[in-house]
Every structure is written in structure tokens, then in C-alpha cells.
Amino acid sequence: MTTTRFAPSPTGYLHIGNLRTALFNHMIARKAGGTFILRIDDTDPERSEERFVDAIREDLEWLGLTWDREERQSARMDAYLAAADTLRAKGRFYEAFETPTELDLKRKKQLNMGKPPVYDRAALALSDEERDALRAERGDGVWRFKLETTRINWTDGILGDLSIDAASVSDPVLIRGDGQMLYTLASVVDDTDMGVTHVVRGSDHVTNTATQIQIMEALGKSAPVFAHHSLLTGPQGEGLSKRLGTLALRDLREAGVEPMALISLLARLGSSQPVEVRETLDEVAEGFDLSQFGSAPTKFDEADLRPLSARVLHQSPVTAMAADLSAAGVPDDQAEAFWAAIHDNVETRADVARWWALAQNGADALVADEDREFVTEALAMLPDGPWDGTTWSAWTAAVKEATGRKGKGLFMPLRKAMTGQERGPDMASFMAFLSPPRMLG
């Protein structure tokens, strides 16, 4: 059984980078008919907030990324403590007491000597008496995992064969001095206990993966298949780290971005496959292929979402827009015809209400000075309502015959007079819903 997971920390709102990780793991599980776990990484009690847990669920539900079960890391502390005891018993876990200042001085000294800035394992040489004295002076120390200084090798689902020299990596801290269990150990225990078979995450986790593979081996567990996707950059290759707050999923939703536009883009962005708008998640999963993604940083431009969202709406049936049409005030018996008239001119769902309000309230006529006499004459020839699908063609034919105008010189001034805009729905269809325009003085 293929099992994947998405493990966000409830310390803020989900952003576009989080979504890429969630989507990849969701697609793998759904394509294989497996299990997708939402795992809330709330081991930091000071920064984790329940409102962000609710927001995470809300964002995933908006996108249709449903999960098969939810886990809370804060409820699994006993499992992490048991794993820590196992590592201690095997001589792979040790307490260290250096202050941040002391560690910084050690790193600088190593760099000056041309050595990698890794922890020197000084804590391993402490006697029991020295440890007791440091604990009395400084409080509990941090607990580090003792790496075996060999090469750690694995085949990555995106990056291919990888090899990390453990001697170039510091023994990772797994438990802080205040007792907080850190991600590195908690994730290992969860992934192995929950039978996770595939882990997809950002390429900034490659070194974490190397250390976690050794931790799993020390606990007598098998490692899942790891894959590390490229990191997203801005459209000019700039880092997104400072902009992620502006790329929160909740903000994109408020801006009118369609879920399937966002998913269709991220499911292909950075791969060798073209971006294609899909109508359902099943279609996205069917065409999802992790091997098609590369290692190079991937450019993301939020401006691409607007035309994609418009395309999603253009191909949406009236049933998918029923709630928006009803909220705009469109009567049920007119909804299908109205949607047929405007759907190609809707960029966001908010446009539904905008077009209905324009149609029902009438527009301020947009008339160029040179067209004022022509428009005044044409509006005098406008048939009394109600109008229907034949009104536009009959009216423009009569105006053409009376004035001699034709082509764009005929149709554009009349569109602008009736709608107050240069572009919009097909007038033949839209006339059935229009109210007479308000002529300018």
C-alpha cells in the first residue's frame, strides 16, 4: 500500500511552497490508490496555534486535497521518547551542553582552519561528574544523534543517486534543552510507525534525509522512498522566501484564483510536461509523473494564475457556477442562458455579479465625441423591451441602413453605448439581459 503524508507546522498560513509539497504527495497516493495522511507537526507548543490548524484544513479542502486520516504529533510524545530511549541504549544518543556562543566560536575556528564546521563531539569526552556539574550550572542539555561517519547513499525519486558524507555533517540535535522534540526525530518515528512509503519534500531537506536514514537504521527500521523537488523562485529567479507571506493560499483564494488553475500549474511546473488545465484531481493524478521533474530551481509567477483561472471558468458548466449565479441574484430560470452569454468574459467568480449588475442596472454609456450624434440617432431606433436573442441583429441592421455605418464603426460605438465597455459578452446573447443605458449629458 502506497502511503504518503503532508506534515505542515501550524505556525502560519500555508503558502505556495507548502502546496507544492502537499500536492506531490497527494498525487502519488491517489494515483496508486493509496493513503494520504495529514500530519500536523505541532511539537512546538509556543509557536503552534489551533487557528492555523483550522486554516490548513480549510486551504486543503478548498483545493480538494482530501486526506484519509489526520495525525497530531503532539499526541505522539510517548512514541518519540521511546525511540530516544532506544537510541540511548544503543549508544547513539548523547547529551551536550555548549551554549550558542560556544558553538559559534567552534564553527569559526574550524572554518579558519579550512575544516567543515561540524560539531566536534566534545560532549562525548565528558565524565559523569562533568555532565552533572554542567547540568547543575546550565540546566538540561540538548540530545544529539551520533552519526556513523560513513557515506549515506540512496536513490532519490527526482535527483537520482545521492551520496552524503556523514563526516561533513554535525550530529543533529533531536531534543532541545527544554525537552521539545524536534522534527528530525519525530518525523522518523512517524514515517516508520505509520508505514509511509514515499516522502516528497523540498531539496533543502537533502541533508536532513541523510541523517534521518541513519536514524531509521539505528532504530531497526526501513527508510521510505525519498524524493526532493526543486525550490520555487520568483519569475526573475529571485528567492521567494520574503514573498511567501504574500503568496499565502488564503490570499490567492481571496484574489479569485481557481483551485484547479493552481493545481494544474503546480502539478506540471518544473517538469518536462506542458501545463494543461485539468477539470478534476483524478485527471491531474493520472498524468502526474515524478520522474519528469528536474533539479533546477523552478520559476513561479503568480501572474500566470489569472489566465489559467479564467480558462477554468470558461470551460465550467452552469452547474459548477450555480452558487455564484444565485448569489449574484440571477433567477434560476435565467441562469443557464446568462452563463452561456457571459462565461467567455469571466476572469474570476466575482465577474458574475459584476456582469449581472451591469445588465440589470444599465450602464453609463461610453460615447466618443465624434460618435455622439450617431449614438443618439441609433438609441432612438432601439426597440422597446423586453429584448431577446434577435434584438441586436435586427437593431444594428436597421441602424446600418439608416446611417450607412458598418463594421467596427457600427458595432463598437453601440456596444460602448449599451455596456459602457469596449469588450464584453456577445451582444446578441447579452441583449436579452440588458437594461437601457444611461446617456451622458
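Residues numbered from 1 in each chain as written. Predicted model: local features only at pLDDT ≥ 70, side-chain atom pairs only at ≥ 80, totals over all residues. Heavy atoms only, no water.

## Brief notes about helix H7 (residues 206-218)
And then number 1: Look at H7: 19 Å from first C-alpha to last across 13 residues, which is about the 18 Å you get at 1.5 Å a residue.
And then number 2: Where burial is concerned, most of H7 is hidden: 10 out of the 13 residues are buried.
And then number 3: Every buried residue belonging to H7 is among Val206, Thr209, Ala210, Thr211, Gln212, Ile213, Gln214, Ile215, Met216 and Ala218, and all of these are buried. (Helix = DSSP H or I, 4+ residues; strand = E, 2+ residues; numbered from the N terminus. Expected span 1.5 Å × (residues − 1). Buried < 20%, exposed > 50% of the residue type's maximum accessible area, 1.4 Å probe, protein only.)

## Observations regarding the packing of helix H1 (residues 16-31) against helix H9 (residues 259-266)
A pair of packed helices can be characterised by two numbers: the angle between their axes and the separation between those axes.
And then number 1: At a closest axis distance of 10 Å, the pairing of H1 and H9 adopts a crossing angle of 75°. Taken together, the axes of H1 and H9 are roughly perpendicular relative to one another. Judged by residue contacts, Ile16, Leu19, Arg20, Leu23 and Phe24 of H1 engage Leu262, Ile263 and Leu266 from H9.
And then number 2: Considering only residue class, the contact of H1 with H9 consists of seven nonpolar, no polar and one charged. (Axes fitted to C-alpha atoms, helices over the stretch in contact; angles between N-to-C directions. Parallel < 35°, antiparallel > 145°, perpendicular 65-115°, else oblique. Contact = heavy atoms within 4.5 Å. Nonpolar A, V, L, I, M, F, W, Y, C, P; charged D, E, K, R; others polar.)

## What to know about unusual backbone geometry
And then number 1: Note that the residue after Gly385, namely Pro386, is joined by a cis bond; omega there is 0°.
And then number 2: Positionally, Pro386 belongs in the loop between helix H15 (372-380) and helix H16 (391-403).
And then number 3: Phi is positive for Arg121, close to 60°, though the residue is something other than glycine.
And then number 4: In this fold, Arg121 is placed in the loop between helix H4 (100-112) and helix H5 (128-138).

## A few points about the packing of aromatic side chains
And then number 1: A full pass over the atoms with the stated rule returns 12 aromatic pairs.
And then number 2: On the basis of an interplanar angle of 55° and a centroid distance of 4.7 Å, the ring pair of Phe24 and Phe293 is categorised as tilted. Here Phe24, found in helix H1, pairs with Phe293, found in the loop between helix H10 (281-286) and strand E12 (298-299); they are 269 residues apart in sequence, far enough to count as distant.
And then number 3: Taking the relative accessible area as the measure of exposure, Phe24 reaches 0% and is therefore buried.
And then number 4: Using a relative accessible area of 5% as the deciding quantity, one classes Phe293 as buried.
And then number 5: Centre to centre, the rings of Phe288 and Phe293 are 5.7 Å apart; their planes meet at 40°, and the pair counts as tilted.
And then number 6: Among the residues examined, Phe288 registers a relative accessible area of 5% and is labelled buried.
And then number 7: What links up through ring pairs into an aromatic cluster is the set Phe24, Phe288 and Phe293.
And then number 8: The aromatic ring of Trp62 is capped on one face by Arg253, whose charged end is 5.2 Å from the ring centroid.
And then number 9: One Lys or Arg, Arg405, reaches over the ring of Phe374 and ends 4.1 Å from the middle of that ring. (Phe/Tyr/Trp six-rings, centres within 6.5 Å; stacked < 30°, edge-to-face > 60°. Lys NZ or Arg CZ within 6 Å of the ring centre and 35° of its normal.)

Coordinates in, geometry out; function isn't part of it.
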